[in-house]
Amino acid sequence: MKSYAGKRTIDGLVVTVDGRPLPVHDEVKSFTKYGFEWAYEGDSPRQLALAILVDYLGDADKALQLTEPFMKRVVADLDNDWELSGADIDAALRALAA
């Protein structure tokens, strides 16, 4: 199961999936030119939500549909340093569907 992580470093933000940099997936949609961010609602957290969902679901259309609610429910509430497992994402998606 995939594992996503983000941390704030002295050199900036780092977001990984299974230890590798998470692609921005701006080929699907670009909400911002500033990259990822989290812990609030906005364009950069929206880009992170999209990137996680595209990577995790492997379905760009479904990821786009879920980006806004996933950003509000999950990404906006992440701490400075965070980890999300596939099980965490599955649970969030089930909650959004309910």
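Our subject is the structure that appears above.
The rules behind each value
- Residues numbered from 1 in each chain as written.
- Predicted model: local features only at pLDDT ≥ 70, side-chain atom pairs only at ≥ 80, totals over all residues.
- Heavy atoms only, no water.
- Pairing = 2+ DSSP bridges.
- Helix = DSSP H or I, 4+ residues; strand = E, 2+ residues; numbered from the N terminus.
- Contact = heavy atoms within 4.5 Å.
- Axes fitted to C-alpha atoms, helices over the stretch in contact; angles between N-to-C directions.
- Core = buried A, V, L, I, M, F, W, Y, C linked by side-chain atoms within 4.5 Å.
- Buried < 20%, exposed > 50% of the residue type's maximum accessible area, 1.4 Å probe, protein only.
- Salt bridge = Lys/Arg side-chain N within 4 Å of Asp/Glu carboxyl O.
- Expected span 1.5 Å × (residues − 1).
- Bend = angle between axes of the 7 residues up to and from the residue.
- Polar contact = N/O pair within 3.5 Å; in protein donor to acceptor, adjacent residues only side chain to side chain.

## Considerations on the sheet that holds strand E4 (residues 82-85)
Reading across from one edge, E3-E2-E1-E4 is the order of the four strands in this open sheet, with antiparallel pairing throughout. Edge positions in the sheet fall to strand E3 (20-21) and E4, since each has one partner strand and no second. Across the sheet, helix H3 (residues 86-97) touches strand E1 (3-9) and E4, and the angle it forms with E4 is around 75°.

## A short note on the nonpolar core
In this structure, Tyr4, Leu22, Leu48, Ile52, Phe70 and Trp82 are the most contacted members of the largest nonpolar core, which totals 27 residues. Elements with a minimum of two residues in this core: strand E2 (12-17), helix H1 (43-57), helix H2 (60-73), E4 and H3. In terms of residue count, the dominant contributor to this core is H1 (eight residues). For Trp82, the contacting residues outside a window of four places in its chain are Tyr4, Ala5, Gly6, Val15, Trp38, Leu48 and Ile52.

## With respect to the side chain of Thr16
Mapping Thr16 onto the fold places it in strand E2. The residues contacting Thr16, other than those within four sequence positions of it, are Ser3, Tyr4, Ala5, Pro21 and Leu22.

## As for the pattern of salt bridges
Overall, the coordinates contain five salt bridges when judged by the stated rule. Ionic pairing is found between Glu37 and Arg8, a salt bridge with its closest N-O pair at 2.7 Å. With a gap of 29 residues between them, Glu37 in the loop between E3 and H1 and Arg8 in strand E1 connect regions that are remote in the sequence. Accessibility expressed as a relative area gives 31% for Arg8, which makes it partly exposed. For Glu68, the salt bridge identified is with Arg46, shortest N-O distance 2.6 Å. Remark: Arg46 occurs in helix H1 and Glu68 occurs in helix H2; sequence separation between them is 22 residues. Members of the salt-bridge network, linked through shared partners, are Asp43, Arg46, Glu68 and Lys72.

## Topic: H2
When the terminal C-alpha atoms of H2 are compared, their 19 Å separation across 14 residues agrees well with the 20 Å that a helix rising 1.5 Å per residue should span. Where H2 bends most, the angle comes to about 50°, and this point is Thr67, followed within four residues by the proline Pro69. Looking at H2, one finds that the buried residues are Ala63, Leu66, Thr67, Phe70 and Met71. Next to the buried residues of H2 lie H1 and H3. Near the N-terminus of H2, the side chain that reaches the backbone nitrogen of Asp61, with its oxygen 3.1 Å away, is that of Asp59.

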